[in-house]
Structure formats: C-alpha cells, structure tokens
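Here is how the chains run, residue by residue.
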Amino acid sequence: MALSEQQRAEFEKRVRASEVVLFMKGNRRFPQCGFSATVVGILDKLGASYETVNILENQAIRDGMKEYSSWPTFPQLYVGGEFVGGCDIVKDMYSSGDLQRKLGAEARPVQAPRITISVAAATALKEAASGAAGDVLRLEIDPEYNADLHIAPRADGDIEVRSEGVALYVAGASSERADGIKIDFVNVPGGMAFKIDNPNEPPRVKPIHAPALKAMLDAGGIELFDVRPEDERKIASIAHAKPLDGEGQMLLSTLDKNKAIALHCHHGMRSRAAGEQLLRAGFTNVYNLEGGIEAWSRDVDPSVSRY
Amino acid sequence: MSDHPTDFAGDVCAAIRDAIKAKIPGARVEVTGGGGHYAIDVASAEFTGKTMLASQRIVYGAITHLMSGERAPVHAVDRLTTKAQ
C-alpha cells in the first residue's frame, strides 16, 4: 500500500500531534503487548510527557503508519515528528542515555513531592529505620502506581522529603507519581500496616461487599449490572441488577463516565474482568461485588437461590 | 509454539533468510522461531556506519511482504540484531 500525498500529510500531522507520540497496541495504562508495555515503562520512568495512539482501534492508522515509518511493527516512537524506532531501539537508546538527551529529560528539574506522614506512621517508621545502619527509608512508585516503601541504601537521584520528623527518600523517577501521598499506620486484620493513599493513582475496580452494595443501592446513585449470560440469570438473579445484554450495553453507553457502576457475576471473577474493561472504556467509578451473587445470597438476601 | 493461522506454505525461516540475502548480498543471516514469532540475526558490511534504526529498516524492508496482512507468516519479530562486519 503506497500513501498518497494527502495521506502522507495526514500522517505527518499525527506524528506531530505532540512533541512525543507513541503508536502502540493498547494505551498507556493498559498496554496490550509486551513491547508496547516496555516502551511505556521507559517513557514513564523518564517522566516524559507523551501521547499514545492505540493502533488496535484503527486499522487505517495501523496500516498507514507501517508505510509512513517504513517500519512493519509496533510500537513506533516519534519525537518532534521524527521516527525514533521500535522497542529494541528505544531500549538501546535508554541504556546509552541517548533517549534521555533526545527527550531533554535530564534538563527538567525534578520537583520534591509533597508527602504527609501521620503521627502513628512516623512513630512506626522511626522504629523500623532505627535498626538500619546506613540504610534509609525509601519510597518508590512504579508506573503502575504500586507503592514500595522499604529500607535500603540511598540511591542516585533520590529526593529527601521530611514530614513529622521522618526523612523519606523518594526515587527521583517516582517524584511526580508520589506528589500528594499520605502515609498512615492503621489496623488491618492480623495487626498494623502502612496505608498509602496516592491521589495520582488511576481509577481501579473497587471491591465492595454485599451489605455495603445493598446500602448503596438503597441510597440510590449506583447502577448494578449482571455480567452473567442468560442461562445463569434464569437460575438466580438480584432484583436490582440489569443484565449486561444488548439493552444493558445501550444503557451503559448513555451513562456519565463518573457515575457509580457495580458489576456482579457468580463469584466475582468475570465481573472483575468486565470492570477492568469499563475502566479502559473511560469509566472511573467501578465497583465489583466481591463473591458475586453467591455472597449476596449468603449475606443480604437468602431468597436468592445458590447454584 | 503458538498457533498462528497463515496462508503461507513452506519454510518461513528459509523465506525470511532468502529475502534478506536477496536484499543484502553476502549477509550472514540466522533465523530461528516459528508459530509467527521469529528471531533474526544479520551480520553484513552494509551496516557499517549506519545507525541501528537505519540498519533495522533495511532488514524490515526486505521482509515487509512476509509481515503484511492479518494472515502473514511473520506475526512478530521478537528479536532483530544487525551487526556490522
């Protein structure tokens, strides 16, 4: 397939849509191929700001970009409208430092994140750190927003942050993702644990137990969908739940993306997967009924038959 | 080895090797893999003084016809190395 002048001009616009554009399978939060995920990971590590184009959603872009870049695979990274390469090349340039230079990542000053440590957490952290000769308290937030609080030697690029008299060293690449974090020390089943609240964390499927879901349904403001197929729905169903069939999908498409949505299935596995899909589709407030209709029958409404 | 539907009949590794050698005469080419996924190592004087991007482009250019379309014999190149010699 050869591109016409006009098509070339269109692709030129796409690759210049912002300073850094990544043509990939999936998106930044949900890469759908290992090579794309690797490049996203590297760009995130560098704290680069970039735009992604999901080529799986558009066959014309997928075919056209192969031609435009003279490159048959994805991901494809563009910086300043210039093709940089695929996964191998990006990895290579990252380890040699060329990518950092290209993205101007070194020039960007890293801001110290704002971190709040509660009094209880400070006491526990001081105690934990007291036995660690030479090591420091470190915090790293990976590109998936998993927090890792640990005691280790101070690393290059660490930024020292103080709160409640505790010195915490935040990995430089994490600083943006760590900004605004609150660290507390709370009761959990079986003891005490650190609780890290990160306001930057992207929405996740929130687990909810049957009685809490019942209370939310009674209060209104949440929509419950049943992701099971018809044969299972015939055996047992929850009165408030709408099946996620054609009609349910239609209703879903009309809902505000910030509307609270709960999903259930038999035991909570299929509905969790469906919830991840809703997040991908842009919904931000998605709950999964833990234990599914089974838990509903056990904890809320015994008249719902179990199967 | 994953199952990968293709209309291509014959030895895909050999087809990749032949296509690259036709484009870069005298190149040493090693191809391994199957099921749509291949690893390719190429050594040639052709790559001397060229960037990794330019070198890989030459190789990809040689096998584009094996990689286009949903039922292409080559679904992914898991590893591509180009060595100047």
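Everything below is about the structure printed above this text.
Residues numbered from 1 in each chain as written. Chains lettered and ligands numbered in written order. Predicted model: local features only at pLDDT ≥ 70, side-chain atom pairs only at ≥ 80, totals over all residues. Heavy atoms only, no water.

Regarding the sheet that holds strand β4 (residues 82-85) of chain A
Remark on secondary structure: sheet strands pair via backbone hydrogen bonds, oriented parallel or antiparallel. All names here are of chain A. Keep this limit in mind: Here, a strand pair is defined by DSSP locating no fewer than two bridges between the strands. To qualify as a helix, a DSSP run of H or I must reach at least 4 residues; to qualify as a strand, a run of E must reach at least 2; elements of each kind are numbered from the N terminus. Working convention: axes come from line fits to C-alpha atoms, limited for helices to the stretch in contact. Angles between N-to-C directions cover 0 to 180 degrees. Only heavy atoms enter the contact rule, under which two residues are in contact if any of them lie within 4.5 Å.
The strand order β2-β1-β3-β4 describes an open sheet built from four strands, whose pairing is mixed. Each of the sheet's edge strands pairs with one partner strand only, and the pair in question is β2 (51-54) and β4. Here the average twist between neighbouring strands, direction ignored, is 25°. Across four bridges, the pairing between strand β1 (residues 20-24) and β2 is parallel. Bridge pairing in β2 links M24 to N54. The sheet strands contacting helix α2 (residues 34-45) are β1 and β3 (76-79), and the helix crosses β1 at an angle near 160°.

Re the sheet that holds strand β12 (residues 206-208) of chain A
Residues and elements named next belong to chain A. Spatial strand order, β12-β16-β15-β13-β14: five strands in an open sheet with parallel pairing. One side of each edge strand has no neighbouring strand; the edge strands of this open sheet are β12 and β14 (242-243). As judged from the three bridges shared by β12 and strand β16 (residues 286-289), these two strands associate in the parallel manner. Considered in β16, the bridge of P207 is made with N288. Together, β12, β13 (222-226), β15 (260-264) and β16 form the strand contacts of helix α8 (residues 210-219), whose direction differs from that of β13 by roughly 125°.

A look at the pairing of strand β2 (residues 37-44) of chain B
All names here are of chain B. Heads up, the rule is: To sort residues, take the accessible area from a 1.4 Å probe on protein chains only and compare it with the maximum for the residue type: under 20% means buried, over 50% means exposed, and anything in between is partly exposed. Note on handedness: a crossover is taken as right-handed if, strands pointing away from the viewer, the path from the first strand over the helix to the second is clockwise.
When you tally the buried positions in β2, you get six out of eight residues, the bulk of the element. The pairing of strand β1 (residues 28-34) with β2 spans seven bridges and is antiparallel. Its bridge partner lying in β2, V31 is registered against I40. Where β1 folds back onto β2 in an antiparallel hairpin, the turn is made up of two residues, including G35, whose phi is positive at roughly 60°. Sheet analysis places β2 next to strand β3 (residues 76-84), joined by eight bridges and oriented parallel. Residue pairing in the sheet places D41 in a bridge with T81 of β3. Read from β2 through helix α2 (residues 52-67) to β3, the crossover connection turns out right-handed.

Some points on the packing of α8 of chain A against helix α12 (residues 292-299) of chain A
Residue and element names in this part refer to chain A. Operational definition: We call two directions roughly parallel when the angle between them is under 35 degrees, roughly antiparallel when it is over 145, roughly perpendicular when it lies between 65 and 115, and oblique otherwise.
Contact geometry of α8 with α12 gives a least axis separation of 9 Å together with a crossing angle of 85°. Put simply, α8 runs roughly perpendicular to α12. Along the contact surface, α8 presents A210, P211, L213, K214 and L217, while α12 presents A295, W296 and D299.

Function cannot be read off these values alone, since they describe shape.
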